[in-house]
Amino acid sequence: MPPRVRFAPSPTGYLHVGGARTALFNWLYARRHGGTFILRIEDTDAERSSDDMVSGILSSMKWLGLTWDEGPGVEGPHLPYFQSQRLPKYRAAADRLVASGHAYYCYCSPDDLAARRQAAALEDPVRMYDRACHALPAEEVARREAAGHPRATRFLVPQGTTSFTDLVRGHIEFAHEHIEDFVILRSDGHPTYHLSVVVDDGEMEVTEVVRGDDHISNTPKQVLLYEALGTPVPAFAHVPLILGPDKKRLSKRHGATAVGDYERQDYLPEAMINFLALLGWSPGGNQEVFSRDELIARFALDGISGGNAVFNVEKLDWFNQQHIMRLSAADILRRLRPAIVGAGLWRDTYLTSESAWIARVVDLLKPRARKLHDIVPALTAFVSDEVVYDEAAVAKHMRPDGVRDHLAAWLEAVRALPALEPVATEAALRALAVDRGIKAGILIHATRVAVTGQAVSPGIFEVLELVGQARVVSRLTACLPA
RNA sequence: GUCCCCAUCGUCCAGAGGCCUAGGACGUGGCCCUUUCAAGGCUAAAACCCGGGUUCGAAUCCCGGUGGGGACGCCA
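Things to note about helix H19 (residues 460-467)
Move 1: Here H19 lies mainly inside the structure; 6 of its 8 residues are buried.
Move 2: Count one or two residues on from H19 and you reach Gly-468, which has phi positive near 100°.

A look at the protein's contact with RNA strand B
Move 1: For RNA strand B, the set of nearby residues contains 66 residues, the closest of which are Cys-108, Arg-186, Lys-248, Pro-367 and Arg-430.
Move 2: In the interface set of RNA strand B, defined as its atoms within 4 Å of the protein, sugar plus phosphate atoms amount to 72%.
Move 3: In the environment of RNA strand B, a sugar or linking oxygen lies 2.8 Å from a nitrogen or oxygen atom belonging to the backbone of Leu-278.
Move 4: Counting residues per element, the ones that place at least two in the surface near RNA strand B are helix H4 (110-120), strand E4 (152-155), strand E6 (170-175), strand E11 (309-310), helix H11 (313-326), helix H18 (440-452) and H19.
Move 5: Broken down by element, the surface near RNA strand B gets its largest block of residues, 6 residues, from H11.
Move 6: Within the surface near RNA strand B, the residues separate by chemical class into 25 nonpolar, 22 polar and 19 charged.

Some details on the sheet that holds strand E7 (residues 183-185)
Move 1: The strand order E3-E4-E7 describes an open sheet built from 3 strands, whose pairing is antiparallel. Edge positions in the sheet fall to strand E3 (103-106) and E7, since each has one partner strand and no second. The sheet shows a mean angle of 45° between the axes of neighbouring strands, taken without regard to direction.
Move 2: Here E3 runs beside E4; their pairing, made up of 4 bridges, is antiparallel. Bridge pairing links Ala-103 to Phe-155 in E4.

Regarding the nonpolar core
Move 1: Grouped together as the largest cluster of nonpolar side chains are 107 residues, with contacts concentrated most on Met-61, Phe-311 and Trp-410.
Move 2: With 9 residues, the top contributor of residues to this core is helix H1 (residues 17-32).
Move 3: Ignoring sequence-local partners within four residues, the contact set of Met-61 consists of Phe-7, Leu-15, Ala-23, Phe-37, Leu-39, Leu-66 and Trp-68.
Move 4: Phe-164, Val-209, Ile-216 and Tyr-226 belong to the second-largest nonpolar core, a separate cluster that totals 31 residues.

Quick notes on the pairing of E6
Move 1: Examined bridge by bridge, strand E5 (residues 161-166) and E6 share 6 bridges and lie antiparallel to one another. Within the sheet, the bridge partner assigned to Thr-162 lies in E6 and is Phe-174.
Move 2: Taking the residues that link successive antiparallel strands as the turn, the E5-E6 hairpin has 3 residues.

Here we look at the domain arrangement of chain A
Move 1: Segmenting chain A into domains produces domain 1 (87-239), domain 2 (327-383) and domain 3 (391-478).
Move 2: Using only C-alpha atoms to locate each centre, domain 1 and domain 3 end up separated by 77 Å.

What about the packing of aromatic side chains?
Move 1: According to the stated counting rule, one finds 10 aromatic pairs in the structure shown.
Move 2: Ring centres of Tyr-262 and Phe-311 lie 5.7 Å apart, and the angle between their planes is 55°; this geometry places the pair in the tilted category. With Tyr-262 in helix H8 (residues 259-264) and Phe-311 in the loop between E11 and H11, this pair connects stretches of sequence that are 49 residues apart. Pair check on accessibility: Tyr-262 and Phe-311 agree, each one buried.
Move 3: For the pair Phe-275 and Phe-311, a centre-to-centre distance of 5.1 Å together with 90° between the ring planes defines the contact as edge-to-face. A residue pair is termed long-range when its members are at least 10 positions apart, and Phe-275 in helix H9 (residues 269-277) and Phe-311 in the loop between E11 and H11 qualify at 36 residues.
Move 4: Three or more aromatic residues link up through ring pairs in this structure, and these residues are Tyr-262, Tyr-267, Phe-275, Phe-311, Trp-318 and Phe-319.
Move 5: A cation sits over an aromatic face here: Arg-154 above Tyr-129, 3.6 Å from the ring centre.

Reading guide: rules and limits
- Residues numbered from 1 in each chain as written.
- Chains lettered and ligands numbered in written order.
- Predicted model: local features only at pLDDT ≥ 70, side-chain atom pairs only at ≥ 80, totals over all residues.
- Heavy atoms only, no water.
- Buried < 20%, exposed > 50% of the residue type's maximum accessible area, 1.4 Å probe, protein only.
- Helix = DSSP H or I, 4+ residues; strand = E, 2+ residues; numbered from the N terminus.
- Near = heavy atom within 4 Å.
- Polar contact = N/O pair within 3.5 Å; in protein donor to acceptor, adjacent residues only side chain to side chain.
- Nonpolar A, V, L, I, M, F, W, Y, C, P; charged D, E, K, R; others polar.
- Pairing = 2+ DSSP bridges.
- Axes fitted to C-alpha atoms, helices over the stretch in contact; angles between N-to-C directions.
- Core = buried A, V, L, I, M, F, W, Y, C linked by side-chain atoms within 4.5 Å.
- Contact = heavy atoms within 4.5 Å.
- Domains from an automatic or database assignment.
- Phe/Tyr/Trp six-rings, centres within 6.5 Å; stacked < 30°, edge-to-face > 60°.
- Lys NZ or Arg CZ within 6 Å of the ring centre and 35° of its normal.

Written as structure tokens, this is what we have:
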């Protein structure tokens, strides 16, 4: 039976990189095994959820390429995929639990509870619910109900222990005395997380629950609910958390934590995916750079490591560069087109008569780009008549005595060349340097500044060829005294 | 405090009793290539938390300690 897994974010914030990695693991698992990846929005906390957050999360998921098979927009057999629209299901489940004696009504107000907890805090910092309302006499219950007293529904935790086999950690066991009678239905009729997640995972026939480590201690409560509801218990896989450099749970104070932040910082989604996949998971072997398909082909839950992982931006940067280098020139052009247009450097001929030429230019620029958009300004010297001269570069390479005389001689040599084929051009330049008794570097640096305006560029002979003889001649000429 | 999880270079991982003189990657230093900047190649420094067991043999298994993290809500 193909697996059914889900990612169930709460729209109380942006898609966090930790959440993104959890989503990624689920997605990889589904894709690896030909299963179904469900996206469900856990918006039962009406206070803190918002539509903007929902659309932000969906947008980040799409950016990462984590496509879902069931969920918002694509729908599916278990509609709706927003928990706030599934309220009757949770109430029905709560009613069933009360009817079967697995749950009971609690009339204690949150304020009461807080006060009681506070009072008890002196000797015991954490105090579990005292089960006061479970022992209420029938007449008292009737009286409160008649008076319309608000009530929550609590699960009656039985005696004993609950255990489950975690797919990444193995056997985990909890004694019930450490689990309080948790609320499953709030007094406003909304379910709490424990109820809604169990009802939905059950109904949606989720087979493996892959989620963050922080849910381990919630798991026994949920197992208890599955059992009380008579629903098959799914398998669980708890993945470690992502930490900041100080080893604390990654948060805003560590810098960018939202996937959207990385999108805005011009990281490639494939780099982000690669980086996140290898944070806490290993495919084995020494390969580091993986395409999406390669990750899918190798993904396995048992390769997930147990320890928390520190988010290391420098390695993300490296992955980004590696993936830029693996992109085809045509792909880069397609992604960068809006920016190139914006810079006034676009020509439709890049797609037709000039496609081979522009591809060579892009390929030359690729390994030098940290971020994709670094390529746009670097295009200028190749595609524009305008040359922006960097003053420091001019001062360093054009001003020294004699440089312009050498350059004048070089200009003549360039004019005499039938074409600017790199090997021949280099031979000509070196021959001239020998002739004039100077180091080739003098000519090379001056030529670079004259042609590109900058002190750094790709290999100058490739640059000359791609800029083209006519422009090289005119730029060299422009740099000589009139 | 209680419960749970985790523990190999600064960081991310490999290692599932002898193959470990502990391997790879990022980052850092050096060298090579070279006209600059990248990319690439080579190389160096850098780790098995501590203590007990088990075993002929332990990074690997067990126990304890320590350390880190997480959870203890009518948040998810």
